[in-house]
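Residue strings, one per chain:
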Amino acid sequence: MDTTTLQPTSEMLDRVPDEVVALVFSHLPLQFHLRSTSMVCKKWATLTEGCFESVCKKRGWSMPRRPRGDNARQRLFPWRSLYYRHMCIACAQVGEFPVRSGSGIANRPGSNVQRHLVCTRCVRKPKVQAQLQASDLFVDIIGVTGKKLLRQEPPRRGARQ
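These notes cover the structure that comes with them. (Residues numbered from 1 in each chain as written. Predicted model: local features only at pLDDT ≥ 70, side-chain atom pairs only at ≥ 80, totals over all residues. Heavy atoms only, no water.)

### Re the overall build of the protein
Phase 1: Scanning the protein from terminus to terminus reveals eight helices and three strands.
Phase 2: Along its sequence from the N terminus, the protein presents helices and strands in the succession α-α-α-α-α-α-β-β-α-α-β.
Phase 3: Classification of the 161 residues of the protein by burial places 28% in the buried group.
Phase 4: Put simply, 55% of the contacts in the protein that link residues at least 6 apart link residues at least 24 apart.
Phase 5: Split by element, the accessible area of the protein, about 12,100 Å² in all, is 54% carbon and sulfur. (Helix = DSSP H or I, 4+ residues; strand = E, 2+ residues; numbered from the N terminus. Buried < 20%, exposed > 50% of the residue type's maximum accessible area, 1.4 Å probe, protein only. Contact = heavy atoms within 4.5 Å. Areas by Shrake-Rupley, 256 points an atom, 1.4 Å probe, with all protein chains shown as cover.)

If you want it as structure tokens, here you go:
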């Protein structure tokens, strides 16, 4: 009995044209699968870059005139880097509220630097709050679009002032 089976190998994937692979990637949900496939290898990261570009352009995000820092990954995959700067670290949707490191004291080196973004839904989840607190991170109460995290309730009728 012949027990040899066809195992997927990188050689098999190399035979598939890049256009076909890019087409498959364009149909993957961005927040989970596309983010994972872009981390597999440099070839796949290059093929997913077009998907990240189209998503960023749909959302009206543009590349900065001058790249920030001297990060090789940002130079090779600028649209993926732009997407990651705008996404929520918990759910990969569009983030709203900046997450900063340190105690919030502005004169300490490395403190008060924006590290990530968190969306409105995730910032209210106790699990996300616990993870941020354990990592010594805090969330701004005013989002990048000016939205306030805490809503001020109007005074109730008959309530004492």
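### Describing the side chain of E96
Phase 1: As for its placement among the helices and strands, E96 is situated in the loop between helix 6 (78–86) and strand 1 (97–101).
Phase 2: Although buried, E96 forms no salt bridge, and the nearest oppositely charged side chain, K147, lies 5.9 Å from it.
Phase 3: Aside from chain neighbours lying at most four places away, what touches E96 is L117, V118, C119, T120, G143, V144, T145, G146 and K147. (Lys, Arg positive; Asp, Glu negative; His and termini not counted. Salt bridge = Lys/Arg side-chain N within 4 Å of Asp/Glu carboxyl O.)

### Observations concerning the nonpolar core
Phase 1: Core analysis: the biggest nonpolar cluster contains 15 residues, and F25, L30, L34, F52, C56 and Y83 have the highest contact counts within it.
Phase 2: Where this core is concerned, the elements lending two or more residues are helix 2 (18–26), helix 3 (30–37), helix 4 (42–58) and helix 6.
Phase 3: With five residues, the top contributor of residues to this core is helix 4. (Core = buried A, V, L, I, M, F, W, Y, C linked by side-chain atoms within 4.5 Å.)

### Overview of the packing of helix 4 against helix 6
Phase 1: At a minimum axis distance of 7 Å, the contact between helix 4 and helix 6 shows a crossing angle of 50°. Taken as axis vectors, helix 4 and helix 6 run oblique relative to one another. Crossing geometry of helix 4 relative to helix 6 is assigned as left-handed. The segment helix 4 lies against helix 6, with A45, E49, F52, E53, V55, C56 and K57 engaging P78, W79, R80, L82 and Y83.
Phase 2: Counted by class, the contact of helix 4 with helix 6 contains eight nonpolar, no polar and four charged residues. (Axes fitted to C-alpha atoms, helices over the stretch in contact; angles between N-to-C directions. Parallel < 35°, antiparallel > 145°, perpendicular 65-115°, else oblique. Left-handed = near helix turned anticlockwise from the far one by under 90°. Nonpolar A, V, L, I, M, F, W, Y, C, P; charged D, E, K, R; others polar.)

### Focus on the sheet that holds strand 2 (residues 114–118)
Phase 1: In space, the three strands of this open sheet follow the order 2-1-3, with antiparallel pairing throughout. Two strands close off the open sheet at either side, each with one partner strand: strand 2 and strand 3 (137–139). Geometrically, the sheet is characterised by an average inter-axis angle of 30° between neighbouring strands, direction not taken into account.
Phase 2: Relative to strand 3, strand 1 is paired through three bridges, and the arrangement is antiparallel. Across the sheet, the residue bridging to R100 is F138, located in strand 3. (Pairing = 2+ DSSP bridges.)

### Things to note about helix 4
Think of an α-helix as 3.6 residues a turn; residues three or four steps apart then line up on the same face.
Phase 1: With 17 residues, helix 4 ought to run about 24 Å at 1.5 Å a step, and its terminal C-alpha atoms sit 25 Å apart, in line with that.
Phase 2: In helix 4, a bend of some 30° at T48 exceeds every other bend along the element.
Phase 3: A45, L47, T48, E49, C51, F52, V55 and C56 are the residues of helix 4 that are buried.
Phase 4: One or two residues past the end of helix 4 sits G60, with phi positive at roughly 80°. (Expected span 1.5 Å × (residues − 1). Bend = angle between axes of the 7 residues up to and from the residue.)

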